[in-house]
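Residues per chain are reported as follows:
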Amino acid sequence: MDASDDELVVMVKQTGNRDAFGELVRRHQATVRSTLVRLTKDPPLADDLAQDAFIRAYDRIEQYKVGRSFRSWLGGIAYNEYLQGLRRIRTSRRHLESLASGLDDSSEFTNVESVAIDLDRALENLRVEERTAVVLSYGFGMSHAEISSVMKAPVGTVKSWVNRGKDKVRGRLEDYSSSRTNE
Amino acid sequence: MVKTKSEGDWKTIPARAPMNEETDHIQQLFDHVKADTSDEGFSEQVISRLALRQRIRRVVLVCAALMGILLFVSQLLRIEPLVVRLAEIADGSFSILELLGGGNVPLLVFFFVLVIVISNTTMTMVQTLRSG
């Protein structure tokens, strides 16, 4: 299907076309799922939240204004699902522990997995607001204004969270990179 | 650049080059991790959940409408409260046979329609859950 996101949304709005919505899900599932994994650090839970986010998006599709970024709009919904799922996240920390225990032998991981682990470890060192702002910015491609809207914080604060978080992540990634080189 | 295998195809991905040589290394990492997230039936699951939810919603709406109509009709025909009648049937002080012999046609029709609605609703719900 070559239609743009907005054209698909119009089809869903007009006829409730589930095929068109399915195409939107296929296009954006990787973004939503991988970004929620960065926030939750729990892939199965991230998938559950992503499903809920898409269903919520279908219910609220009338609220989407054609012309703005569908991905960012969806990101706002996914972030709200994440906030609602925080209680579940707290009770499923065991997954994080199992992930951390497996970090010692990184030779078993594929390149993509080790990139994901490096990224998650780097994000882990950020304050919650910084991590959320960085993930929303890079994961969903949200602008500072959009992040400010979903996180309900002033734009200036969001900018500083993103910049500080970015610097910290860069620093950590450099550390990982140089420690691997030394090995 | 490093070669890696993703979704069955070998592809080249950015290596861990020094940060100052990259425009935005973090964005590349995010994109890279995202590119490795394959669908694996995720979108089908979302669509089937949507379809199931819509079907259940439709069944519930139809049931609610039918029950509303039945209650309205029962009020019109001044039939005794349904709950009282059902309780009497349950404790054995009233039987369907009495109903048949008593000649209470409106009540008989009411129970007949009620049985049809309940059985039909049950069948529809079972079919919906099976197909979901």
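Residues numbered from 1 in each chain as written. Chains lettered and ligands numbered in written order. Predicted model: local features only at pLDDT ≥ 70, side-chain atom pairs only at ≥ 80, totals over all residues.

Next up on the list: the overall build of chain A. The number of helices and strands found in chain A is 10 helices and 0 strands. If you list the helices and strands of chain A from N to C, you get α-α-α-α-α-α-α-α-α-α. Relative to its full complement of 183 residues, chain A shows a buried share of 38%. Taking as baseline every contact in chain A between residues at least 6 positions apart, the subset at least 24 positions apart corresponds to 64%. (Helix = DSSP H or I, 4+ residues; strand = E, 2+ residues; numbered from the N terminus. Buried ≥ 20, exposed ≤ 12 C-beta atoms within 10 Å, placed from the backbone. Contact = placed C-beta atoms within 7 Å.)

For the rest of this paragraph, the subject is the overall build of chain B. Counting its secondary structure elements, chain B contains 5 helices and 2 strands. Scanning chain B from its N terminus toward the C terminus, one meets helices and strands in the order β-β-α-α-α-α-α. Looking at chain B as a whole, 11% of its 132 residues qualify as buried.

It is worth spelling out the interface of chain A and chain B at this point. In this complex, chain A contributes 28 residues to the contact, which on the side of chain B involves 25 residues. Elements with a contribution of two residues or more to the side of chain A that touches chain B: α2 (18-40), α3 (43-59), α7 (111-124), α8 (128-139) and α10 (155-182) of chain A. Take the side of chain A that touches chain B: its biggest share by element is 9 residues, from α2 of chain A. Classifying every residue of the side of chain A that touches chain B by side-chain character gives 12 nonpolar, 9 polar and 7 charged. (Nonpolar A, V, L, I, M, F, W, Y, C, P; charged D, E, K, R; others polar.)

The residue Thr-157 of chain A is located in helix α10 in this model. For the pair Thr-157 of chain A and Glu-129 of chain A, spaced 28 residues apart in sequence, the C-alpha to C-alpha distance is 9.8 Å.

Residues and elements named next belong to chain A. Remark: α3 packs on helix α4 (residues 70-84), axes separated minimally by 9 Å, with the N-to-C direction vectors making an angle of 130°. Here α3 is positioned oblique relative to α4, judged by the angle of their axes. For the pair α3 and α4, the sense of crossing is right-handed. Where α3 abuts α4, its residues Leu-49, Ala-50, Asp-52, Ala-53, Arg-56 and Ala-57 lie against Leu-74, Ile-77, Ala-78, Glu-81 and Tyr-82. Of the residues contributing to the contact of α3 with α4, the split by class is 8 nonpolar, no polar and 3 charged. (Axes fitted to C-alpha atoms, helices over the stretch in contact; angles between N-to-C directions. Parallel < 35°, antiparallel > 145°, perpendicular 65-115°, else oblique. Left-handed = near helix turned anticlockwise from the far one by under 90°.)

Now for the packing of α2 of chain A against α3 of chain A. Residues and elements named next belong to chain A. Remark: α2 packs on α3, axes separated minimally by 8 Å, with the N-to-C direction vectors making an angle of 140°. Looking at the two axes, α2 sits oblique to α3. Where α2 crosses over α3, the handedness of that crossing is right-handed. Mapping the contact onto sequence places Phe-21, Val-25, Gln-29, Val-32, Arg-33, Leu-36, Val-37 and Thr-40 in α2 and Pro-43, Leu-45, Ala-46, Asp-47, Leu-49, Ala-50, Ala-53, Phe-54 and Tyr-58 in α3. Class assignment for the residues of the contact of α2 with α3 results in 13 nonpolar, 2 polar and 2 charged.

Now for the environment of Met-151 of chain A. Residue and element names in this part refer to chain A. Within the element layout of this structure, Met-151 appears in helix α9 (residues 144-151). Counting along the chain gives 18 residues from Met-151 to Ala-133, while the straight-line C-alpha distance between them is 8.2 Å. The contact partners of Met-151, leaving out residues within four places of it in the chain, are Thr-132, Ala-133 and Val-158.

Take helix α1 (residues 5-15) of chain A next. Residues and elements named next belong to chain A. Among the residues of α1, Leu-8, Val-9 and Val-12 are the ones counted as buried. Angular distribution of buried residues about the axis of α1 spans 100°; they occupy a single face of the element. Facing away from the buried side of α1 by over 90 degrees, the exposed positions are Gln-14 and Thr-15. As for α1, its buried residues are in contact with α2 and α4. (Arc of directions from axis to C-beta.)

Located in the positive-phi region is Lys-41 of chain A, a residue other than glycine, with phi close to 60°. The backbone phi angle of Lys-152 of chain A is positive, close to 55°, even though this residue is not glycine.

The predicted coordinates of low-pLDDT regions are not to be read in fine detail. Residues and elements named next belong to chain B. The predicted model of chain B averages 69 in pLDDT, with 58% of residues at 70 or higher. Scored below 50 in pLDDT, residues 1-23 shows 27 contacts in the model against residues more than four places distant or in partner chains. With a pTM of 0.66, the predicted complex shows an ipTM of 0.72. (pLDDT = per-residue confidence, 0-100.)

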